[in-house]
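The residues making up each chain are set out below.
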2 protein chains.
Amino acid sequence: MSALDAFLDQLAHVLPAERILRDAGSTWAYGMDNSRVHHAPAVVVFPEDHDEVAETMRLAYAHRVPVTTRGRGTGTAGGSVPVRGGVVLVTDRMTRVLDFRPEDRLIVVQTGMINADLQRIVGEKGFFWPPDPTSNALCTIGGNLGCNAAGPHAVKYGTTRENVLGLRAVDGQGRTIKAGSQTTKGVVGHDLTRLLIGCEGTLGVITEATLKLTPLPETRRLLRAFYPDMHAASAAVSRVMAQPATPAAIEFIDGNALDLLRKNSAVEIPSSAGAMLMIEVDGDESGIDATVERVVSAARSPEADIAVAQTAEEQARLWAARKALSPTLRQVAPKKINEDVVVPVSRIPRLIETLDDIATRHAITIVSFGHAGNGNIHVNLLVDPDDPAQMAGAEQALDEVFDAVLRLDGTLSGEHGIGLVKREFVSREIPPDSLDLMRGIKAVFDPAGILNPHKKLPDRPDEALPS
Amino acid sequence: MSALDAFLDQLAHVLPAERILRDAGSTWAYGMDNSRVHHAPAVVVFPEDHDEVAETMRLAYAHRVPVTTRGRGTGTAGGSVPVRGGVVLVTDRMTRVLDFRPEDRLIVVQTGMINADLQRIVGEKGFFWPPDPTSNALCTIGGNLGCNAAGPHAVKYGTTRENVLGLRAVDGQGRTIKAGSQTTKGVVGHDLTRLLIGCEGTLGVITEATLKLTPLPETRRLLRAFYPDMHAASAAVSRVMAQPATPAAIEFIDGNALDLLRKNSAVEIPSSAGAMLMIEVDGDESGIDATVERVVSAARSPEADIAVAQTAEEQARLWAARKALSPTLRQVAPKKINEDVVVPVSRIPRLIETLDDIATRHAITIVSFGHAGNGNIHVNLLVDPDDPAQMAGAEQALDEVFDAVLRLDGTLSGEHGIGLVKREFVSREIPPDSLDLMRGIKAVFDPAGILNPHKKLPDRPDEALPS
């Protein structure tokens, strides 16, 4: 009997038959995420709680069957693609609220809960959970934890790792990990919470999370500011971030992306605009006008055209346009190369200059937008996969983008994660000794190497993925 | 030749003679911290930069000599006491600013810099670094990093781990660790930054830190609120934390601590007061009065006596009184047992009831004060070490305090760390499998077990410290 069959034999005692899929027709869809890379899993399982996850992992460890955890598959880096086959563990039956205590500003949920559902539940009591990726109507809390997801409001409220108090998880031997606490301070033991956040399922399966909630601001204002070009816009970002009133979001959209919006959105964009900022400010009614004033005055320059969205509809229209950019680009260029680099805010202008230069030299359209307050730029290379010369140029261009980012003391991924598709670039940023420590940690949590293999870190030569 | 002599022989090529202390008269003082536990080191070294630390650690690894890193020794848990002798590595020559970029809201410093010196440097450009323990005039950034220190402003601005972008460190083999980046987002590799923060020198020696800076608020107000007892005060804390205007600090002081202030400070305290809150609110001038109004209205109850400090002098006097509590208590009871527990904010009243009950049953005076907005209570048991019956009672009382904290989903230490003196309690909070993972991580970073041995985690039976 194969290891997989022996695993399945025993798994039948853990999960009912209707929560174990085996036929290729049903399992196919669980082999792909938004990276569009596909590998078929042998089995797909749907545990409903921590104990079922732990039992499943114990059996997987006993029989050395790989396990790839998956929420809703909105990740763009192939993090949930089961490249070794084996088991895909789907969290979407794990959606319960286990404890909700507004008085302690916390909620404990199972990690299959959708981000937007969480926001609705905590919103009723006057709170929000800051991480809100563009995919928040679809993506799970577990996916947010796995990737250390962020979104536009991280500039003021932090990323996932700053908004979690504690976790429950299962390691690569099926053992239960208790990490963190229900309190905003805690220094007992090593910080397993932050180690699991962003591990992309390679160190453990996170089953339950105690999330730190933030009170909803009393009011919000949204500014839109047009500039003649990205240089003027990114200089404005630096000025806004240099004064004390930190905006709740500063999104920026380059000239190519504005052209898309001109064709595909209801936002009115003057023909002279070569770049746009969307700046959200939040706070109390009593202070909001003064805060807007400060931010506008920092964003202002002779050639800028700045206005405050006057109605909720206008605010919603702007946000919808911003959030539609990525799917719209996908329609224009189905095989676009979507990067997620970050540089210190003051160095955005230098990155933009380099991107211009790279686009010109390689004759590739580059569309950039993103979370400027964090220096997090989504760089999209629009390529035609049927044009081998262009694809070769794109590869070279990407190489130069990464070089520029690292030269500017930036990092190669801000929130999308490494998954499968960016592994080869990791060792450009992380020196060998630090990588060695990370691999050592991996071996501690997952001695059999079955937790989402071939993800997050580059393979050692002896463990390379068969092509 | 002994291992230590061989180490010293080679060390002479790394550090000049005047930065290596060997005579017992000079090294004695480096064997103790504010826990008052003392173990003499064999050698004290004063490296001046990362490379000298790395060289020293490489030699220590080669010769298996224990290394305990030390800032200014303000820790209260024995974290920097060299219980195995060997080397004490002192960071106080490592005080340079390596890079300061207000436009990126970051500063890179060597970790021997004093917290107050840092605040002065960044304050000149309109920033602060949120962690500000009571000892901030003396303690180093490295100590803050090692303990994940916090202080009163963590309720709004987070602890050390939320205010660091990246680190440079040296592992137990003398290898350089690059952790994090210069950006506020980053998901490349595992989160070594947060793993090193709070590790108390057991996973690495942090030599350089990229600190995330926060703009200084335009203005501050300080409220003082007297209540008849701790129950009324802690109910007020819950109400304040349940509304959106998060204060910059909410400190509380119990009746016994108020008695100390009556005798030892210039603060006027009505005789009817049995508990006090100090609530700091910060923000823009334009909004501060409305914010104060909201906080006062949440803190108000029929028996409360609330006032806003009218002058900078009055504010300073209140803070000075609060900060003097710990040293004053030390004078009253030199061998006080000082704990640092945390519970979810809504459970502070239940903890306070339990502390009252424990104090009564064991006839021990318990003085409590602390950072109420985080639920972080400094519980001081005033004991006479020459009274064996009382000491036995105190031990039992402490045991009950910890039980209560864990029953309330709290944690045993919020910011002081585990060091030497709290190790035996760690396994009450952390289950064996999680502890096993932590020990696995320790072995990856420090395979020879020479980095601050016998700290942070309880010993395995085979590695127990000789008494």
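Residues numbered from 1 in each chain as written. Chains lettered and ligands numbered in written order. Predicted model: local features only at pLDDT ≥ 70, side-chain atom pairs only at ≥ 80, totals over all residues. Heavy atoms only, no water.

Identification of chain A as FAD-binding protein from Guyparkeria halophila is taken from an unreviewed UniProt entry.

Caption draft 1: Expanded view of the interface of chain A and chain B. At the interface, 80 residues of chain A touch 80 residues of chain B. Roughly 6900 Å² of surface becomes buried between chain A and chain B when both sides are summed, with 57% attributable to carbon and sulfur atoms. It is K185, V187 and H190 of chain A that lose the most area in chain A upon contact with chain B, and together they represent 13% of the buried surface on that side. For the pair chain A and chain B, the number of links is 12 salt bridges. Residue K185 of chain A pairs with E415 of chain B through a salt bridge whose shortest N-O separation is 2.9 Å. Our count for the chain A to chain B interface comes out at 34 residue pairs in polar contact (both at pLDDT 80 or more). Looking at the side of chain A that touches chain B, the elements with two or more residues in it are β9 (176–180), α7 (192–196), α10 (285–299), α14 (423–429) and α15 (432–445) of chain A. Across the side of chain A that touches chain B, the residue classes tally to 30 nonpolar, 28 polar and 22 charged. (Contact = heavy atoms within 4.5 Å. Buried area = accessible area lost by both parts, 1.4 Å probe. Salt bridge = Lys/Arg side-chain N within 4 Å of Asp/Glu carboxyl O. Polar contact = N/O pair within 3.5 Å; in protein donor to acceptor, adjacent residues only side chain to side chain. Helix = DSSP H or I, 4+ residues; strand = E, 2+ residues; numbered from the N terminus. Nonpolar A, V, L, I, M, F, W, Y, C, P; charged D, E, K, R; others polar.)

Caption draft 2: Molecular detail of the sheet that holds strand β15 (residues 305–308) of chain B. All names here are of chain B. With antiparallel pairing, seven strands are arranged side by side in an open sheet as β15-β12-β14-β13-β17-β18-β16. Each end of this open sheet is capped by a strand with a single partner; those strands are β15 and β16 (337–342). Strand-to-strand, the axes of this sheet are offset by a mean angle of 15°, without reference to chain direction. As defined by bridge partners, strand β12 (residues 219–227) adjoins β15 across four bridges and the pair is classed as antiparallel. Across the sheet, residue R224 finds its bridge partner in β15, namely A307. Contacting β13 (249–254), β14 (275–283) and β17 (365–371), helix α9 (residues 255–264) crosses the sheet at an angle of about 85° to β13. (Pairing = 2+ DSSP bridges. Axes fitted to C-alpha atoms, helices over the stretch in contact; angles between N-to-C directions.)

Caption draft 3: Expanded view of the relation of the copies chain A and chain B. Rotating chain A by 180° and moving it 0.0 Å along the rotation axis overlays it on chain B with an RMSD of 0.0 Å. Such values leave the two copies arranged in the relation of a two-fold axis. When C-alpha positions in chain A are compared against the rotation axis, the closest is assigned to G287 of chain A, at 2.1 Å. Comparing interface residues between copies, 100% of those in chain A also lie at the interface in chain B; the contact surface is shared. (Least-squares fit on C-alpha atoms with pLDDT ≥ 70 in both.)

Caption draft 4: Molecular detail of the UniProt feature "domain: FAD-binding PCMH-type" (unreviewed entry) in chain A. The sites that carry the UniProt feature "domain: FAD-binding PCMH-type" (unreviewed entry) are, in the present numbering, residues 37–216 of chain A. Measuring from the first to the last C-alpha atom of residues 37–216 of chain A gives 38 Å, for a span that is 22% helix and 25% strand. (UniProt positions renumbered as here; feature names shortened; annotations may be inferred.)

Caption draft 5: Region of the structure containing helix α4 (residues 115–123) of chain A. Residue and element names in this part refer to chain A. If you check which residues of α4 are buried, you get N115, L118, Q119 and V122. One side of α4 carries all its buried residues, which in axial view fall inside an arc of 100°. Among the structural elements, β5 (97–101), β6 (106–110), β7 (127–128), α5 (141–147) and β10 (205–212) are those in contact with the buried residues of α4. (Buried < 20%, exposed > 50% of the residue type's maximum accessible area, 1.4 Å probe, protein only. Arc of directions from axis to C-beta.)

Caption draft 6: Structural context of the packing of α9 of chain B against helix α11 (residues 312–332) of chain B. All names here are of chain B. The interhelical angle for the contact between α9 and α11, taken along N-to-C directions, is 95°, at an axis separation of 10 Å. Considered as vectors, α9 and α11 are oriented roughly perpendicular to each other. In this structure, α9 uses A257, L260, L261 and N264 to contact α11, whose residues at the interface are A321, L325, T328, L329 and V332. A per-class count over the contact of α9 with α11 returns seven nonpolar, two polar and no charged. (Parallel < 35°, antiparallel > 145°, perpendicular 65-115°, else oblique.)

Caption draft 7: Representation of the nonpolar core within the structure. Of all hydrophobic cores here, the largest spans 174 residues; its most connected members are L196, L381 and F445 of chain A together with L196, L381 and F445 of chain B. In this structure L381 of chain A touches K336, I337, I364, T365, I366, A394, A397 and L398 of chain A, once residues within four positions along its chain are discounted. (Core = buried A, V, L, I, M, F, W, Y, C linked by side-chain atoms within 4.5 Å.)

Caption draft 8: Summary view of the pattern of salt bridges. Evaluation of the coordinates by the stated rule reveals 62 salt bridges over all chains. A salt bridge links D436 of chain B to R175 of chain A, with the nearest nitrogen and oxygen atoms 2.8 Å apart. Of this pair, D436 of chain B sits in helix α15 (residues 432–445) while R175 of chain A is found in the loop between β8 (164–170) and β9, placing the two residues in two different chains. The class for R175 of chain A is buried, based on a relative accessible area of 16%.

Caption draft 9: Representation of the sheet that holds β10 of chain A. All names here are of chain A. With antiparallel pairing, five strands are arranged side by side in an open sheet as β5-β6-β10-β8-β9. Lying at the two open borders of the sheet, with one neighbouring strand each, are β5 and β9. Each adjacent strand pair in this sheet contributes to an overall mean axis angle of 10°, direction not counted. As paired elements, β5 and β6 share four bridges and run antiparallel to each other. Note on β6: the bridge partner recorded for V97 is V109. The strands touched by helix α3 (residues 50–63) within the sheet are β8, β9 and β10, with β8 carrying the most contacts at an inclination of about 45°.

Caption draft 10: Quick peek at the pairing of strand β14 (residues 275–283) of chain A. Residues and elements named next belong to chain A. The buried fraction of β14 is high, at nine of nine residues. Residues of β14 alternate between two faces, with A275, L277, I279, V281 and G283 on one and M276, M278, E280 and D282 on the opposite face, all of them buried. In this structure, strand β12 (residues 219–227) lies alongside β14, joined through nine bridges in antiparallel fashion. The residue bridging R220 from the neighbouring strand is D282, located in β14. One ladder, built from six bridges, connects strand β13 (residues 249–254) with β14; its direction is antiparallel. Within the sheet, the bridge partner assigned to E251 lies in β14 and is M278.

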